[in-house]
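Descriptive structure summary
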Amino acid sequence: MYPIFRFLKEIFKFRNAPALGLTETHISHHRCWPWDLDPWIELNNGRTLTLYDLGRIPMGIRSGLTSMLRTQGWGITVAGNTTRYRKRIKAFQRFEMRSRCIGWDARFFYIEQAMWLGEDCANHILIRSAITSAQGIVPPARVLEAMGQPPQSPDLPGWVQAWIAADAERIWPPAI
């Protein structure tokens with residue numbers, strides 16, 4: 001089940017937070033509850049992906065993206081991701097989530113997020129996200145224009161560019 005009450009709590013909690021630049025980091029704090037666990041009593045990998053919404057949505061609100069999407073009648077979707085898990089988050093542990101947009105290309109925005117246990121990064125995700133309209137994907141340049149922002153992206157890190165290139169080599173649809 002989607003954590004709707006946690007989602008609403010995050011929106012309420014950050015409703016009066018200062019505005020955030022498009023590439024600035026949003027920081028939030030969360031706890032691993034029993035309903036987030038897998039059979040090994042640690043944060044379930046699928047739930048991790050869902051919990052990352054709790055960082056991206058307030059980040060979008062604080063940056064002005066969400067209000068612009070509503071005004072334009074556009075949506076947003078995850079178009080791909082890669083996740084690295086390195087440290088277990090166990091039942092009742094509190095963790096910090098850091099979320100930021102690191103740049104964009106002609107079609108997608110790239111967002112990185114990480115969950116931290118103190119000084120240790122537990123997991124990290126790179127998300128490729130698309131803004132959508134009834135006509136399909138809205139180019140980031142058009143999105144930025146609607147937000148009153150310059151269209152030039154910061155340089156994407158080499159590892160992100162390598163992921164984009166590697167993912168472009170992937171066969172679609174898969175031959176399973």
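Everything below is about the structure shown above.
Keep in mind that this is a model prediction, so the values were computed, not measured. (Residues numbered from 1 in each chain as written. Predicted model: local features only at pLDDT ≥ 70, side-chain atom pairs only at ≥ 80, totals over all residues. Heavy atoms only, no water.)

Digging into helix H3 (residues 65-72)
Buried within H3 are the following residues: Leu65, Met68 and Leu69. Relative to the axis of H3, the buried residues are bounded by an arc of 105° and lie together on one face. The exposed residues of H3 that point more than 90 degrees off its buried face are Arg70 and Thr71. The elements touched by buried residues of H3 are helix H2 (45-63), strand E2 (75-85), strand E5 (120-133) and helix H4 (140-147). (Buried < 20%, exposed > 50% of the residue type's maximum accessible area, 1.4 Å probe, protein only. Helix = DSSP H or I, 4+ residues; strand = E, 2+ residues; numbered from the N terminus. Arc of directions from axis to C-beta. Contact = heavy atoms within 4.5 Å.)

What to know about the layout of surface pockets
The volume enclosed by the largest pocket comes to roughly 370 Å³. Looking at the largest pocket, it is lined by 22 residues, and the ones nearest its centre are Arg56, Ile57, Gly60, Leu65 and Ile76. Where the lining of the largest pocket is concerned, the elements lending two or more residues are helix H1 (4-13), H2, H3, E2 and strand E4 (109-117). Counting residues per element, the lining of the largest pocket draws most heavily on H2, which supplies seven residues. (1 Å grid on protein atoms, 1.4 Å probe; cavity = no way out; pocket = protein on both sides within 12 Å on 5 of 7 lines; lining within 4 Å. Points joined across faces, edges and corners; volume = space filled by probe spheres on them.)

Observations regarding the side chain of Glu112
Summarising the element assignment, Glu112 is placed in strand E4. Of the polar contacts made by the side chain of Glu112, one reaches the side chain of Arg100; its length is 2.6 Å. Within polar-contact distance, the side chain of Glu112 engages the side chain of His124 at 2.7 Å. Among residues more than four places away in sequence, those in contact with Glu112 are Arg98, Ser99, Arg100, Ile102, His124, Ile125 and Trp159. (Polar contact = N/O pair within 3.5 Å; in protein donor to acceptor, adjacent residues only side chain to side chain.)

Focus: the packing of aromatic side chains
Applying the stated criterion across every chain yields a total of four aromatic pairs. Their ring planes at 65° and their centres at 6.1 Å tell us that Tyr2 and Phe7 sit as a pair that is edge-to-face. By relative accessible area, which is 36% here, Tyr2 ends up partly exposed. Judged by centre distance (5.7 Å) and plane angle (50°), the rings of Trp104 and Phe109 are tilted. Across the pair, exposure class does not vary: Trp104 and Phe109 are buried alike. These aromatic residues form a ring-pair network of at least three members: Trp33, Trp35 and Phe92. Sitting above the plane of the Phe108 ring, Arg128 keeps its charged end 5.2 Å from the centroid. (Phe/Tyr/Trp six-rings, centres within 6.5 Å; stacked < 30°, edge-to-face > 60°. Lys NZ or Arg CZ within 6 Å of the ring centre and 35° of its normal.)

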